Amino acid sequence: MTLTAPASWVGTAPTASGGGEGYQTPTPEIFWQPLFELGPITVTNQMAWAAIITAALSFAMIALSKNAAVVPGKGQWLFENFYNLPRNTIARDMIGTRHFRQYLPLIVTLFTMVLFFNLAGSFFGSMMPVTSKIGFPIALTLVVYVVYHWIGVKKHGLGGYFKHMVPGGLPKAVVPVIFPLELITYFITRPLTLALRLFGNMFAGHMLIYLFVTGAFYFLIEGDILLKLVSLPTFLMAGVMLVFELLVQFLQAFVFALLTASYIAGALADDH
Amino acid sequence: MHFTATPASVVSLVPAAEGSMPLIPHWEELVFGLIMFAILWWVVAKKVVPNIEKAYEERHAAIEGGIAQAENAQAEAEAAKAQYEAQLAEARSEAAQIREDARAEGAAIVAQMRQQAQDEANRITESAHKQIDAERQQAAVTLRGEVGRMSTDLAGRIVGHELSESSTRQSIIDRFLSELETGKVQPEKVTASAPGSSTVDGQES
């Protein structure tokens, strides 16, 4: 099975669709990459990569932490440096030294998974961020959504949790206005932005790279002399975008985990 | 999403239609994502985090223990140093004391010696003075007796036996002696007549 170049990548319709001279601009269809059908289930390229990455991460992390010792070996030292980012910078700094250990598995898993699902967009072989399919951001956001509400209800009780949403010390007259706003924030805005931010960044980033790469190839192959010359800066631009996307992919993973930790910290806080 | 609908995608089959709606989740992917998350979470929660956190705990304890040990050693070393310094200071002051004592003792000995020498010298001088005094006294007494006898002999030889009467003779001698002492008598006369007198002297006695 080829994970890299499904048929839908190549424009099937030769008709001009906005781009001049026969070039077909990329559409969201480039993200639809079915591999095979398994009964009613359509397995996609991204699902395959999600499985590969999850398996690789599982084996790698187990191998690197299995013989964790007081004095770390080279592999453990490298892994610790990676592990300390979600552990210290995200979980401990956001949730606080008292409670953060309990949520370490969640934060570490989220950060690692989102990071490598994103980085799949820069791996040769996949060149497609898994998280650019909205199903994956929604799945991870669902987990976060359930967890932080669950923590809040467990800590404050159901009524207490809703009361806790309104900041203390507000004048009574303002509470009816603030409460619906907070309710929307907690139940709609947060999950929506969490999922869409990740999805949007990965989707747009991949789209941009795809545009530059296919455009450059089109210039090189189909264009006249002038356009062939233009293909060089276009390739360069694709390279720049690739590097830029690396940054975005890391940043989005960081932000996703950071916001999760922040939501958990908010649900745990005694005061709003 | 409207801008994405190309004539091709609109007309084409179901997958294309599904693909052109990027905000509608492909439900298999959603479920699959949840499963993948569950797997990785299990791995991280059961294998990775406990192992690493245990290593961190042990490292923390080891470092803390090491620090405590180092602090102990340092405190011990400081105590030893203080003791050593105290001892050194004590020894130094003792040495100074000894030096001071020796100096004082030396000075005392020198002073004592000097005093002793002085005393000895004084004593010698004094005894010499005394001896000289005594000898002079004796000489004076002897001389007085001798001179008196000689004078009497002489006078007796000159003026005859009149002078043998003791009472007058004594007074004459005394007068003569006092004159002699004041230097009124010329000694030449005595010395000139001395050889003669000694013979007379011998005859008379």
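Keep in mind the model is a prediction, meaning the values are calculated, not measured.

How each quantity is defined
Residues numbered from 1 in each chain as written. Chains lettered and ligands numbered in written order. Predicted model: local features only at pLDDT ≥ 70, side-chain atom pairs only at ≥ 80, totals over all residues. Heavy atoms only, no water. Helix = DSSP H or I, 4+ residues; strand = E, 2+ residues; numbered from the N terminus. Contact = heavy atoms within 4.5 Å. Areas by Shrake-Rupley, 256 points an atom, 1.4 Å probe, with all protein chains shown as cover. Buried < 20%, exposed > 50% of the residue type's maximum accessible area, 1.4 Å probe, protein only. Polar contact = N/O pair within 3.5 Å; in protein donor to acceptor, adjacent residues only side chain to side chain. Salt bridge = Lys/Arg side-chain N within 4 Å of Asp/Glu carboxyl O. 1 Å grid on protein atoms, 1.4 Å probe; cavity = no way out; pocket = protein on both sides within 12 Å on 5 of 7 lines; lining within 4 Å. Points joined across faces, edges and corners; volume = space filled by probe spheres on them. Pairing = 2+ DSSP bridges. Core = buried A, V, L, I, M, F, W, Y, C linked by side-chain atoms within 4.5 Å. UniProt positions renumbered as here; feature names shortened; annotations may be inferred. Axes fitted to C-alpha atoms, helices over the stretch in contact; angles between N-to-C directions. Parallel < 35°, antiparallel > 145°, perpendicular 65-115°, else oblique. Nonpolar A, V, L, I, M, F, W, Y, C, P; charged D, E, K, R; others polar. Left-handed = near helix turned anticlockwise from the far one by under 90°. Buried area = accessible area lost by both parts, 1.4 Å probe. pLDDT = per-residue confidence, 0-100.

## Looking at the overall build of chain A
Phase 1: Helix and strand counts for chain A come out as 7 helices and 2 strands.
Phase 2: Each helix and strand of chain A, placed in order from N terminus to C terminus, yields the pattern β-β-α-α-α-α-α-α-α.
Phase 3: Considering only contacts within chain A whose residues lie at least 6 apart along the sequence, 69% involve residues at least 24 apart.
Phase 4: Accessible surface, chain A as shown: approximately 13,000 Å² in total, 73% of it carbon and sulfur.

## Overview of the overall build of chain B
Phase 1: Counting its regular elements, chain B contains 5 helices and 0 strands.
Phase 2: Per-residue burial for chain B yields a buried fraction of 18% across its 205 residues.
Phase 3: Intrachain contacts of chain B at a sequence separation of at least 6 include 52% that bridge at least 24 residues.
Phase 4: Per element, the accessible surface of chain B, about 15,200 Å² overall, is 61% carbon and sulfur.

## Quick word on the side chain of Arg59 of chain B
Phase 1: Summarising the element assignment, Arg59 of chain B is placed in helix 3 (residues 27-159).
Phase 2: The exposure class of Arg59 of chain B is buried, given its relative accessible area of 18%.
Phase 3: A polar side-chain atom of Arg59 of chain B sits 3.4 Å from the main-chain carbonyl oxygen of Ala69 of chain A.
Phase 4: A polar contact is formed between the side chain of Arg59 of chain B and the side chain of Glu80 of chain A, at a distance of 2.8 Å.
Phase 5: Apart from the residues within four sequence positions on either side, Arg59 of chain B is in contact with Ala69, Val70, Pro72, Gln76 and Glu80 of chain A.

## A short note on the pattern of salt bridges
Phase 1: Under the counting rule described, the total for this entry stands at 12 salt bridges over all chains.
Phase 2: Across the salt bridge formed by Asp133 of chain B and Arg136 of chain B, the nearest N and O atoms sit 3.5 Å from each other. One end of the pair, Asp133 of chain B, and the other, Arg136 of chain B, are both in helix 3, 3 residues apart, so they sit about a helical turn from each other.
Phase 3: When salt bridges with common partners are traced through the structure, they connect Arg87 and Arg101 of chain A together with Glu53 and Glu57 of chain B into a single cluster.

## What about empty space enclosed by the protein?
Residue and element names in this part refer to chain A.
Phase 1: Applying the stated criterion across every chain yields a total of 2 cavities of 30 Å³ or more.
Phase 2: As a volume, the second largest cavity reaches approximately 40 Å³.
Phase 3: Forming the boundary of the second largest cavity are Gly121, Pro129, Met202, Gly205, His206, Ile209, Glu245 and Gln249.
Phase 4: Listing elements by their share of the lining of the second largest cavity, those giving two or more residues are helix 6 (175-222) and helix 7 (225-268).

## Focus: the pairing of strand 1 (residues 34-38) of chain A
All names here are of chain A.
Phase 1: With 4 bridges joining them, strand 1 and strand 2 (residues 41-44) adopt antiparallel strand pairing. Within strand 2, the position partnered with Leu38 by the bridge is Ile41.
Phase 2: Turn length for the strand 1-strand 2 hairpin, with the two strands adjacent in sequence and antiparallel, is 2 residues, and the turn residue Gly39 shows positive phi of about 65°.

## Considering the nonpolar core
All names here are of chain A.
Phase 1: Ranked by size, the top nonpolar core spans 62 residues in total, and within it Tyr83, Ile95, Val130, Phe256 and Ile264 carry the most contacts.
Phase 2: With 13 residues, the single largest contributor to this core is helix 3 (residues 100-119).
Phase 3: Grouped together as the second largest cluster of nonpolar side chains are 8 residues, Phe31, Ile134, Phe199 and Met207 included.

## A look at the UniProt feature "coiled-coil region" (unreviewed entry) in chain B
Phase 1: Here, UniProt's "coiled-coil region" (unreviewed entry) annotation points to residues 63-101 of chain B.
Phase 2: Along residues 63-101 of chain B, the helical share is 100% and the strand share 0%, with 56 Å between the first and last C-alpha atoms.

## Digging into the packing of helix 4 (residues 135-156) of chain A against helix 5 (residues 158-165) of chain A
Residue and element names in this part refer to chain A.
Phase 1: Close contact between helix 4 and helix 5 brings their axes to 7 Å; oriented N to C, the two are set at 110°. On the basis of the axis angle, helix 4 is roughly perpendicular to helix 5. Note on element contacts: helix 5 touches helix 4 through Leu158, Gly160, Tyr161 and His164, opposite Tyr148, His149, Gly152, Val153 and His156.
Phase 2: Looking at the contact of helix 4 with helix 5 residue by residue, the classes come out as 4 nonpolar, 5 polar and no charged.

## Quick look at the packing of helix 3 of chain A against helix 4 of chain A
All names here are of chain A.
Phase 1: The interhelical angle for the contact between helix 3 and helix 4, taken along N-to-C directions, is 165°, at an axis separation of 12 Å. In terms of their interaxial angle, helix 3 and helix 4 are classed as roughly antiparallel. With respect to the hand of their crossing, helix 3 and helix 4 are arranged in left-handed fashion. Residues Tyr103, Leu106, Leu110, Met113, Val114 and Phe117 of helix 3 pack against Phe136, Leu140, Val143, Val144, Val147 and Ile151 of helix 4.
Phase 2: Classifying every residue of the contact of helix 3 with helix 4 gives 12 nonpolar, no polar and no charged.

## Details of the interface of chain B and chain A
Phase 1: Each partner contributes to the interface: chain B provides 41 residues, whereas chain A provides 51 residues.
Phase 2: Across the chain B to chain A interface the summed buried area is about 4,000 Å²; carbon plus sulfur atoms make up 75%.
Phase 3: Considering only the surface of chain B that becomes buried against chain A, Glu29, Phe37 and Leu40 of chain B emerge as the three largest contributors, covering 17% of it.
Phase 4: At the boundary of chain B and chain A, one finds 5 salt bridges.
Phase 5: Across the pair Glu53 of chain B and Arg101 of chain A runs a salt bridge, and its minimum N-O distance is 3.2 Å.
Phase 6: Connecting chain B to chain A are 12 residue pairs in polar contact (both at pLDDT 80 or more).
Phase 7: Looking at which element gives the most residues to the side of chain B that touches chain A, the answer is helix 3 of chain B, with 27 residues.
Phase 8: Here the side of chain B that touches chain A is built from residues that sort into 25 nonpolar, 8 polar and 8 charged.

## Notes on the confidence of the model for chain B
All names here are of chain B.
Phase 1: When pLDDT is averaged along chain B, the result is 79; 76% of the residues meet or exceed 70.
Phase 2: Within chain B, no element has a lower average pLDDT than helix 1 (residues 7-11), which sits at 42, and none a higher one than helix 3, at 90.
Phase 3: Here residues 1-16 is modelled with pLDDT under 50, and outside its nearest four sequence neighbours on either side it reaches 18 contacts, counting other chains as well.
Phase 4: In the predicted structure, residues 190-205 sits below a pLDDT of 50 and forms 11 contacts with residues beyond four places in sequence or in another chain.
Phase 5: For this predicted complex, the interface confidence score (ipTM) comes to 0.86, while the overall pTM stands at 0.66.

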